[in-house]
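Overview (structure and organization)
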Amino acid sequence: MRMSKHITAGAGNKPARKGILGAIGGFFAAIIEFFTGTYKAFRDGDIWVKLSAIICGASCFARKQYVKGFLLCLVQAVIIWLFPGFLWPYMSKFPTLGTVQAKKAYNPETRKNEWNDYDNSFMILLFSVVGFVLLATAIVLWMRNIRAAREVEVLQKKGKHVNSFKEDIADCFSVKFHRTLLSLPVLGVVVFTIVPLIVMILIAFTNYDRNHLVPAKLFTWTGLKNFDTLVNMTSDSSFAYAFRNVLIWTLVWAVVATITCYIFGIMMAMFINNRNTKGKKFWRVCFMVAMAVPQFVSLLLVRNFFADAGIVNTICKNIGLTDWLYSIKAIPTANYIPFLTHPAWARPMIILINIWVGVPYQMLIATGILMNIPTELLEAARIDGANARQSFMHITMPYILFITGPSLVNSLVANINNFNVIWLLSRDVYTTSDQLMANANANEVDLLVTWLYRLTQDQSNYKMASVIGILVFIVCAILTLLAFSNMIKGDKEESFQ
């Protein structure tokens, strides 16, 4: 059909994107080039370039760049002062995470019980990571200083103009304004995201739990022991059993919750935007009201509605539905329907409630997309004799999927980490009957993220929570890479133009 040809026209004309391995290879190639380039700059540079390897800014003073040279020397002095005086005492204890236990001893001079000069394992870990990150940054700046000194030397030998300090500052707000604009956000990401993330990852390789809480106790490195605990079942640990069940439910929940909200959202959008639908504004307002109410309020109300003694169970009991379900052995008791207290009922109920919560948002997104589908595509399909189903399958749905591809992937990852729905519906309501799950402080409706929360808040089991956090990241990364690689190829822009 001409319709299908029109849709596929232009696909594959653009060059294929580099693969993941190519991107990784390019990254390492850039690092190697940076090191080799620095070595060549040091080897080929004059005495001032070589002296810059010892005293940062020496080449700047020799070439009358006094302000720049002073600033480089100041940065070097601050780093040299910071490491021995503050960071090195922590970094030197990084291999052991401390050896001196906290204890009180009587001081005859003050006649008081005083704490000794004990080690704090968490502070050692934190400031060691800060020290290593700062050390890596200092090495990069040091190498960049050598390369810049060589570049200035080459420019002077060629008789070209060398920027003064004022001109460098002016460039920061003109030619290099993008770097200036990104400097503070990058610094914030490093300080508030990368450093805490590294610390949390390293905790997975320690024995940091309620038996080793700082500052009263020390914790130390345990290698891959925690990962082994999460994979292999032992007589004194049921983490492997709980992890397998929670992981399966997390993946099932993420896929089902994403697909159901996505499909029902599109269906509702098509229903409301249909030319035969009456009262379109009324229906849109109804869905907007559902979105306007804070999610935690809605979920708590729904949880109370479907509680064992809630209004829904009362109605079901009065109309005889509860007795009938008990007679066919669909529920374990004749007193109530365990909507949120039995795994066979709680899991489907949570998915249904999530549909009610998530469909309005997806509906609004789909509505905007449906209103922007090129009319010439639909008109060409109609002229070619395509019916409504064929137009939907070959034009509408591919167009929606192409536009909402990144959002769909984001929804999948968000549902893996959907803490609110699971926690608010099951907190203080659901109690696991599986003893192995209970031993690992988990239950049948927990996601990995809610299980992680229970381990940290209820059990102070930071080591296992960190392991689970790493595995959540791995799962999200794999799903995201697969989705973007197979669904969002970036070569269909011309198909819908």
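**A short note on the pairing of strand S2 (residues 112-115)**
Summarising the sheet, strand S1 (residues 104-107) and S2 pair through four bridges and their orientation is antiparallel. Along S2, the bridge assignment pairs Tyr-106 with Asn-113. Between S1 and S2, which pair antiparallel and follow one another directly, the connecting turn spans four residues, one of which, Arg-111, has a positive phi of 55 degrees.

**Overview of the side chain of Asn-415**
Along the chain, the position of Asn-415 falls in helix H17 (residues 388-416). If we ignore the near neighbours within four places in the chain, the residues touching Asn-415 are Trp-253, Ala-254, Ala-257, Thr-258 and Leu-447.

**Points about the pattern of salt bridges**
Tallying each qualifying case throughout the model produces nine salt bridges. The partner of Lys-157 in a salt bridge is Glu-153, and the shortest N-O contact between them spans 2.8 Å. Residue Lys-157 and its partner Glu-153 are located together in helix H6 (residues 121-157), separated by four residues, close to a single helical turn. For Lys-157, a relative accessible area of 62% gives the class exposed. Between Asp-323 and Lys-317 there is a salt bridge, and its shortest N-O distance comes to 3.1 Å. The partly exposed category is assigned to Asp-323, whose relative accessible area is 40%. Beyond isolated ion pairs, a larger network of salt bridges with shared partners links Arg-150, Glu-153 and Lys-157.

**Some remarks on the confidence of the model for the chain**
For the chain, per-residue confidence averages 82 on the pLDDT scale, and 92% of positions sit at 70 or higher. Mean pLDDT across the elements of the chain ranges from a minimum in helix H1 (residues 2-8), with 42, to a maximum in helix H13 (residues 311-318), with 90. Between residues 1-17, whose pLDDT stays under 50, and residues either more than four places distant or in other chains, the model counts 26 contacts.

**Observations regarding the state of the cysteines**
Throughout the structure, instances matching the rule amount to zero disulfides. Sulfur of Cys-60: no disulfide; nearest cysteine sulfur belongs to Cys-73 and is 8.3 Å away. You can call Cys-60 buried: its relative accessible area is 8%. Cys-73 takes part in no disulfide bond, and the closest cysteine sulfur to it belongs to Cys-56, at a distance of 7.3 Å.

**Thoughts on unusual backbone geometry**
Between Val-214 and Pro-215 the backbone carries a cis peptide bond, its omega angle lying at 0 degrees. Structurally, Pro-215 is set in the loop between helix H8 (177-203) and helix H9 (225-231). Here Lys-329, not a glycine, exhibits a phi torsion of approximately 60 degrees, which is positive. Here Ser-460, not a glycine, exhibits a phi torsion of approximately 55 degrees, which is positive. In this structure, Ser-460 sits in the loop between helix H20 (448-457) and helix H21 (462-486).

Thresholds applied
Residues numbered from 1 in each chain as written. Predicted model: local features only at pLDDT ≥ 70, side-chain atom pairs only at ≥ 80, totals over all residues. Heavy atoms only, no water. Pairing = 2+ DSSP bridges. Helix = DSSP H or I, 4+ residues; strand = E, 2+ residues; numbered from the N terminus. Contact = heavy atoms within 4.5 Å. Salt bridge = Lys/Arg side-chain N within 4 Å of Asp/Glu carboxyl O. Buried < 20%, exposed > 50% of the residue type's maximum accessible area, 1.4 Å probe, protein only. pLDDT = per-residue confidence, 0-100. Disulfide = S-S within 2.5 Å.

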